[in-house]
Amino acid sequence: MTQYGLRVLVWVEPGTWEACVSAAADLVRPRAADSEVRLLYVPENDDLVHDAARGLWGRRSRPPAPMGPGADDLELLAEAEARLVDEVGQPVAVTSELGRGPVERVITDASERADYLVLGRQGDLSRRGPHSLGRHGRFVVDHAQCRVLIVWPQAAPPASTIPPLPKDDPRR
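Rules behind the numbers
- Each residue is numbered by its place in its chain's sequence as written, counting from 1.
- Local features in this predicted model are restricted to residues whose pLDDT is 70 or higher, and side-chain atom pairs enter the listing and the counts only when it is 80 or higher, whereas totals over whole chains, interfaces and linings include all residues.
- Side-chain metrics in this entry use all non-hydrogen atoms of the structure; hydrogen atoms and water are not considered.
- One speaks of a salt bridge when a side-chain nitrogen belonging to Lys or Arg is within 4 Å of a carboxyl oxygen belonging to Asp or Glu.
- Here a strand is any run of E in DSSP of at least two residues, a helix any run of H or I of at least four, and the numbering for each starts at the N terminus.
- Three labels apply to residues, based on accessible area from a 1.4 Å probe with only protein chains included: buried if under 20% of the type maximum, exposed if over 50%, partly exposed otherwise in between.
- Nine residue types can take part in a nonpolar core, namely buried Ala, Val, Leu, Ile, Met, Phe, Trp, Tyr and Cys, and a core is a set of them joined through side-chain atoms within 4.5 Å.
- Note on definitions: a residue-residue contact is assigned when non-hydrogen atoms from the two residues lie within 4.5 Å.

(A) Just the pattern of salt bridges, in detail. Per the stated rule, a full pass over the model turns up 8 salt bridges. Here Asp115 ties to Arg7 by a salt bridge, and the two come within 3.2 Å at their closest N and O atoms. A residue pair is termed long-range when its members are at least 10 positions apart, and Asp115 in the loop between helix H4 (103–111) and strand S4 (116–120) and Arg7 in strand S1 (residues 6–11) qualify at 108 residues. For Asp115, a relative accessible area of 25% corresponds to the partly exposed category. Residue Asp169 is joined to Arg171 by a salt bridge in which the shortest nitrogen-to-oxygen separation is 2.8 Å. On the basis of relative accessible area, Asp169 is assigned to the buried category, the value being 14%.

Put into structure tokens, the structure is as follows:
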């Protein structure tokens, strides 16, 4: 048993973090004093840029030093934390973390220490369906070790965007 009642992991991403933080605030508000919220942001291009630079320098050259967190990354986490504290409206334990590595693996590993994972849809947001999750989101949903709450970053599209059943489907 942990020292906290409810452990919520929020996957912070540009474009979706506001909706995710609001959903997390709704989850913990009734039990804020006993809850812990972990805000986790994993920049996607960090490893790609580093690997690309290493490739450009060639095998015999010394690889460039690993890149540290950017000011924008830290500012994003600070904004998310401030919004969470404001929306909960009472004291809650919050930690902010900048993850490194393959996005989907870092988030999935972190889900092992959470009761809930809150993530935003980041794929095709014009219609409902599996394509409304990006490639990292799909992996995380399939492999998370806790309950997963998927939120729309804006109003969900209408039910009419769901494709109709095929004509030969016996359920028609």
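(B) Geometry of the nonpolar core. Counting residues in each nonpolar core, the largest one holds 25 residues, and the members touching the most others are Val8, Val10, Val12, Val37, Leu39, Leu84 and Val118. The set of elements that each furnish at least two residues to this core consists of S1, helix H1 (17–28), strand S2 (35–41) and helix H3 (71–88). The greatest single-element share of this core, amounting to 8 residues, is contributed by H1. In this view, Leu39 contacts Val10, Val12, Val21, Leu77, Ala80, Glu81, Val94, Thr95, Ser96 and Glu97; residues no more than four positions away in its chain are not counted. Listed in part, the 15 residues of the second largest apolar core include Val42, Leu117, Leu119 and Leu133.

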